[in-house]
Amino acid sequence: MSTNRFLRIESGMWARAVALAFVFFLGIQGKSCFATDWSAIQTAIGANGNVMPGDVLRFELARVDLTVTVDGTPVPRGQVASIVNGFIAFKPSFNGNFFVDGALPAQESEVNALESALRADTQIDLTGISSRLINETPKIVWVYFEGRGDGGDLATALASALSVIKSPQMNIHVIPGTAGIIDPSSILPPKFLKLFDEGYVELLDATFAFYLPRPDERSIYLGDVRAETGLGVGQSFNITLNLAGGTDIVLNIDFALKREEVQDAEDALRAGGFTISSQGERYLNDNPRLVIVHATGSGDGFALGNTLYDVIQIIQSDSGHGRDHGW
């Protein structure tokens, strides 16, 4: 397994990939069948976000304002979104209100101010605080939250909190539906690639984000709101590819697991060369209770992809093999 945690990407090749991605972005506009008015939320946050399946408006976050090193190695600017990322996601609930949750990446020195800014609106609850990187400089801490209420009011409060961490929603280019701009068959195993048909793909700077629903998604609730992958209830794969060639990739993954799945999934990940860097609960009223496991790995994409496929089979086996997300 390769020990190189970052990849070199040629700037010209990357520019061509981004240009092609815009073509795919235009091609998927208008496919949503929902008519939710997101304008007040988008205006307050200061970004458009992406509407994901399940009527979720998701804003991706990346601390590209920071110069980050891991094990003393500088993280390339285009790969910061792969490791120092987060999100805010809104979903309509009842009586015109919204459910919102998210993960905010902060430097240790920013955590206290960020927590205070979030709790300035008492509709927003803190649900977890954790680190999921190892040997990074500066030290990064993730603050998790959820809330319910008027969408515009929640977004206004969150925009104020985001300013504490340099408004990371403003400094990243996110393009949805970009799976076709490369030929991943030369990098990832076919059985893992087939899962792309069941999920949602975005381009985050030099990283592909792939979101795969749990097969039992429709039976999971966050209080009175049905869970969605865009809300963080699923499997999130941040995949940094070497567009200049080769099969090496860098992976950062979040798995939303039931308690009985955790040990088998973690054992399979470790056996496949991944490092488990964090584990914990992130929701106040999830039913069933979920554990979010963060793992990192780098090396040959076929070997890593085969391991991830095995982990997904553990989840599908526990869920009875059925797929109820209906994407």
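The residue numbers shown here count from 1 along each chain, following its written sequence. Side-chain atom pairs in this predicted model are given and counted only at pLDDT of 80 or more, local residue features only at pLDDT of at least 70, and totals for whole chains, interfaces and linings cover all residues. The side-chain numbers reported here are obtained from all heavy atoms of the structure, hydrogens and water having been left aside.

**Focus: the environment of Val250**
Moving on, step 1. Numbering of helices and strands starts at the N terminus; helices are DSSP runs of H or I of at least 4 residues and strands are runs of E of at least 2. By secondary structure assignment, the location of Val250 is in strand 16 (residues 248-258).
Moving on, step 2. Assessed through its relative accessible area of 6%, Val250 is described here as buried. Only protein chains enter the calculation, and the probe is 1.4 Å; a residue is then buried if its accessible area is under 20% of its type maximum, exposed if over 50%, and partly exposed in between.

**Digging into the nonpolar core**
Moving on, step 1. What is meant by a nonpolar core is a set of buried Ala, Val, Leu, Ile, Met, Phe, Trp, Tyr and Cys residues, joined one to another through side-chain atoms within 4.5 Å. Counting 35 residues, the largest nonpolar core has Val68, Ile83, Val84, Leu222, Leu231 and Val233 as its most contacted members.
Moving on, step 2. When residues of this core are traced back to their parent elements, those giving at least two are strand 2 (56-62), helix 3 (80-83), strand 5 (85-92), strand 6 (98-107), strand 9 (140-149), strand 11 (200-204), strand 12 (207-213) and strand 19 (290-300).
Moving on, step 3. A contact between two residues is defined here by any heavy atoms of the two lying within 4.5 Å. When residues no more than four places from it in sequence are discounted, the contact partners of Ile83 are Val68, Val70, Val75, Leu133, Trp142 and Asn252.
Moving on, step 4. One finds Leu193, Leu212, Phe274 and Leu304 within the second-largest nonpolar core, a separate group that totals 33 residues.

**A word on helix 8 (residues 301-318)**
Moving on, step 1. Expected helix span is given by 1.5 Å per residue-to-residue step, counting one fewer step than there are residues. Over its 18 residues, helix 8 runs 26 Å from end to end, which matches the ideal 26 Å to within 8%, given 1.5 Å per residue.
Moving on, step 2. Buried within helix 8 we find Gly301, Leu304, Gly305, Thr307, Leu308, Val311, Ile312, Ile315 and Gln316.
Moving on, step 3. As for helix 8, its buried residues are in contact with helix 6 (190-193), strand 12, strand 15 (234-241), strand 16, helix 7 (259-271) and strand 19.
Moving on, step 4. Put simply, Asp300 is the residue that caps the front of helix 8, since its side-chain oxygen is 3.1 Å from the backbone nitrogen of Phe302. Two N or O atoms form a polar contact when they lie within 3.5 Å of each other; inside protein one atom must be a possible hydrogen donor and the other a possible acceptor, and for residues adjacent in sequence the pair counts only when both atoms belong to side chains.

**A word on the environment of Pro184**
Moving on, step 1. Checked against the element boundaries, Pro184 lands in the loop between strand 10 (174-176) and helix 6.
Moving on, step 2. Judged by relative accessible area, which is 18%, Pro184 ranks as buried.
Moving on, step 3. The spacing of Pro184 and Leu241 is 57 residues in sequence and 9.1 Å in space, taken between C-alpha atoms.

**Things to note about the pairing of strand 9**
Put simply, side chains in a regular strand alternate between the two faces of the sheet.
Moving on, step 1. For strand 9, the tally of buried residues reaches nine of ten residues, placing the bulk of the element in the interior.
Moving on, step 2. Any two strands between which DSSP finds at least two bridges are classified as paired. Taken together, the ten bridges between strand 6 and strand 9 define a ladder with antiparallel strand orientation. Pairing of Phe98 across the sheet is with Gly149, part of strand 9.
Moving on, step 3. Sheet analysis places strand 7 (residues 124-130) next to strand 9, joined by six bridges and oriented antiparallel.

**Description of the packing of aromatic side chains**
Moving on, step 1. Put simply, two rings from Phe, Tyr or Trp (the six-membered ring, in Trp's case) pair if the centres are within 6.5 Å, and we call them stacked under 30 degrees between planes, edge-to-face over 60, tilted for the rest. Within this structure, the stated rule accounts for eight aromatic pairs.
Moving on, step 2. When the ring of Phe59 is compared with that of Phe90, the centres are 6.3 Å apart and the planes differ by 85°; the resulting orientation is edge-to-face. In this pair, Phe59 sits in strand 2 while Phe90 sits in strand 5, placing the two residues 31 residues apart along the sequence. The exposure classification of Phe59 matches that of Phe90, with both residues buried.
Moving on, step 3. Ring centres 5.6 Å apart and planes at 80° place the aromatic pair Phe192 and Phe237 in the edge-to-face group. Here Phe237 lies in strand 15 and Phe192 lies in helix 6, a separation of 45 residues in the sequence. Comparing Phe192 with Phe237 shows no difference in burial state: the two are buried.
Moving on, step 4. Put simply, the rings of Phe192, Phe196, Phe210, Phe237 and Phe255 pair up and form one aromatic cluster.
Moving on, step 5. Definition used: whenever NZ (Lys) or CZ (Arg) falls within 6 Å of the ring centre and also within 35 degrees of the ring normal, the charge is taken to sit over that ring. The aromatic ring of Phe87 is capped on one face by Arg58, whose charged end is 4.1 Å from the ring centroid.

**A short note on the sheet that holds strand 14 (residues 225-226)**
Moving on, step 1. The three strands are arranged 14-13-18 in an open sheet whose pairing can be described as antiparallel. At either end of the open sheet lies a strand with only one pairing partner, and these are strand 14 and strand 18 (286-287).

**A closer look at the pattern of salt bridges**
Moving on, step 1. By definition, a salt bridge exists where a carboxyl oxygen of Asp or Glu is found within 4 Å of a side-chain nitrogen of Lys or Arg. Within this structure, the stated rule accounts for 20 salt bridges.
Moving on, step 2. Residue Asp254 is joined to Arg132 by a salt bridge in which the shortest nitrogen-to-oxygen separation is 3.5 Å. Taken together, the residues span a long stretch of sequence, with Asp254 in strand 16 and Arg132 in the loop between strand 7 and strand 8 (136-137) at a distance of 122 residues.
Moving on, step 3. Take Arg132: its relative accessible area is 4%, and that puts it in the buried class.
Moving on, step 4. Salt bridges here are not isolated pairs; linked through shared partners, they connect Arg63, Asp65, Glu110 and Lys166.

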